[in-house]
Every structure is written in structure tokens, then in C-alpha cells.
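# Descriptive analysis of the structure
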Amino acid sequence: QVQPVESGGGLVQAGGSLRLSCAASGRTFSSYAMGWYRQAPGKQREFVAIITSGGSTNYADSVKGRFTISRDNAKNTVYLQMNSLKPEDTAVYYCKRGINSTTTAFGSWGQGTQVTVSS
């Protein structure tokens, strides 16, 4: 299992948008669930969104309606489209590769990408 690599973070004003990308090598990428998590300073890492191999999605209540997770299996890449960003969305965002089609439990973490939302 190869460590995922995140990109696309940066500084954005409140109300703005960013799209994060997570590249995960492997011929079996399409078989696994992929998830996004985030960790703000002084806080525990928390769940943001997950997409199964079949394309089903779930979101944390805090981002529901604003964030969209998607995947492009041909590119071995998962995305997190973040709209209507709020200062409380500021965190390091991590991608996680799952171990089966529906869960990211016991999977591999990326190194993270910083998202900062200014007021």
C-alpha cells in the first residue's frame, strides 16, 4: 500500500472555494474507499467525508451541503471540493486510503495539506 499524496491547500477568504486532490498509486485504487479528514491546531483529527468504491458518499454535519467528495479512478485520484468556506474550516486536511470498498479503517494516511480560511 502506497501513501496518498494531498495537494491543493492554500489561503482563501471566507466564502471562497478550494479543491483538494489526493493521488494514490496502485492498480486496485478503484476497489477501495477513500476519505478526507482534518485536524486543527490543538484538536483531534476528525472525519470530513468518505467515498466508497461504488461512489456512495457521507459527510460530517459541519461540512454537509458545502463540501463534495468525488473520485476519478482513471487518474487514481480523489477530490474534495470545498465551497462557502468558513474560518472554522481552517485545518490540515488529510487523505486516507481504505482497506476495502466501504471503509477507511486501518488505511494509509497522506501527509496533509494546509487550508487556511481568513475572515
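Attention in this report is confined to the structure presented alongside it.

## A word on the overall build of the protein
Along the protein, the regular secondary structure elements total zero helices and eleven strands. Computed over C-alpha atoms, the radius of gyration of the protein comes to 13 Å, within 12% of the 14 Å expected from 2.2 N^0.38 for 119 residues, which places it in the range of a compact globule. Counting every position in the protein, which comprises 119 residues, the buried fraction comes to 42%. Partitioning the intrachain contacts of the protein with sequence separation of at least 6 by distance along the chain shows that 57% fall at a separation of at least 24. For the protein, the exposed surface amounts to about 6000 Å²; the carbon and sulfur share of it is 46%. For the protein, the separation between the mean place of its 12 positive charges and that of its 6 negative charges on side chains is 6 Å.

## Digging into the environment of Ala24
If you trace the backbone, Ala24 turns up in the loop between strand E3 (18-23) and strand E4 (34-39). With a relative accessible area of 1%, Ala24 lands in the buried category. Separated by 63 residues in the primary sequence, Ala24 and Pro87 have C-alpha atoms spaced 29 Å apart. Residue contacts for Ala24: discarding those within four places in its chain leaves Pro4, Phe29, Met34 and Asn76.

## Structural notes on the packing of aromatic side chains
This structure, assessed with the given rule, holds three aromatic pairs. Seen from their ring centres, Tyr37 and Trp109 are 4.9 Å apart, and the 70° between their planes marks the pair as edge-to-face. Here the residue Tyr37 occupies a position in strand E4, and Trp109 occupies one in strand E10 (residues 108-109), the gap between them amounting to 72 residues. Assessed through its relative accessible area of 13%, Tyr37 is described here as buried. Judged by centre distance (6.3 Å) and plane angle (85°), the ring pair of Tyr94 and Trp109 falls under edge-to-face. Highlighted residues: Tyr94 in strand E9 (residues 91-97) and Trp109 in strand E10, separated in sequence by 15 residues.

## Comments concerning the pairing of E4
Of all the six residues making up E4, five are buried; the element is thus mostly covered by neighbouring parts of the structure. Where E4 and strand E5 (residues 46-51) come together, five bridges link them in antiparallel fashion. Residue pairing for E5: Arg38 is matched across the bridge by Glu46. Joining the antiparallel neighbours E4 and E5 is a turn of six residues, in which Gly42 adopts a positive phi near 80°. Bridge count between E4 and E9: six bridges; the pairing is antiparallel. Across the sheet, Gly35 pairs through a bridge with Lys96, a residue of E9.

Rules and cut-offs
Residues numbered from 1 in each chain as written. Predicted model: local features only at pLDDT ≥ 70, side-chain atom pairs only at ≥ 80, totals over all residues. Heavy atoms only, no water. Helix = DSSP H or I, 4+ residues; strand = E, 2+ residues; numbered from the N terminus. Rg over C-alpha atoms; globule rule 2.2 N^0.38 Å. Buried < 20%, exposed > 50% of the residue type's maximum accessible area, 1.4 Å probe, protein only. Contact = heavy atoms within 4.5 Å. Areas by Shrake-Rupley, 256 points an atom, 1.4 Å probe, with all protein chains shown as cover. Lys, Arg positive; Asp, Glu negative; His and termini not counted. Charge placed at Lys NZ, Arg CZ, Asp CG, Glu CD. Phe/Tyr/Trp six-rings, centres within 6.5 Å; stacked < 30°, edge-to-face > 60°. Pairing = 2+ DSSP bridges.

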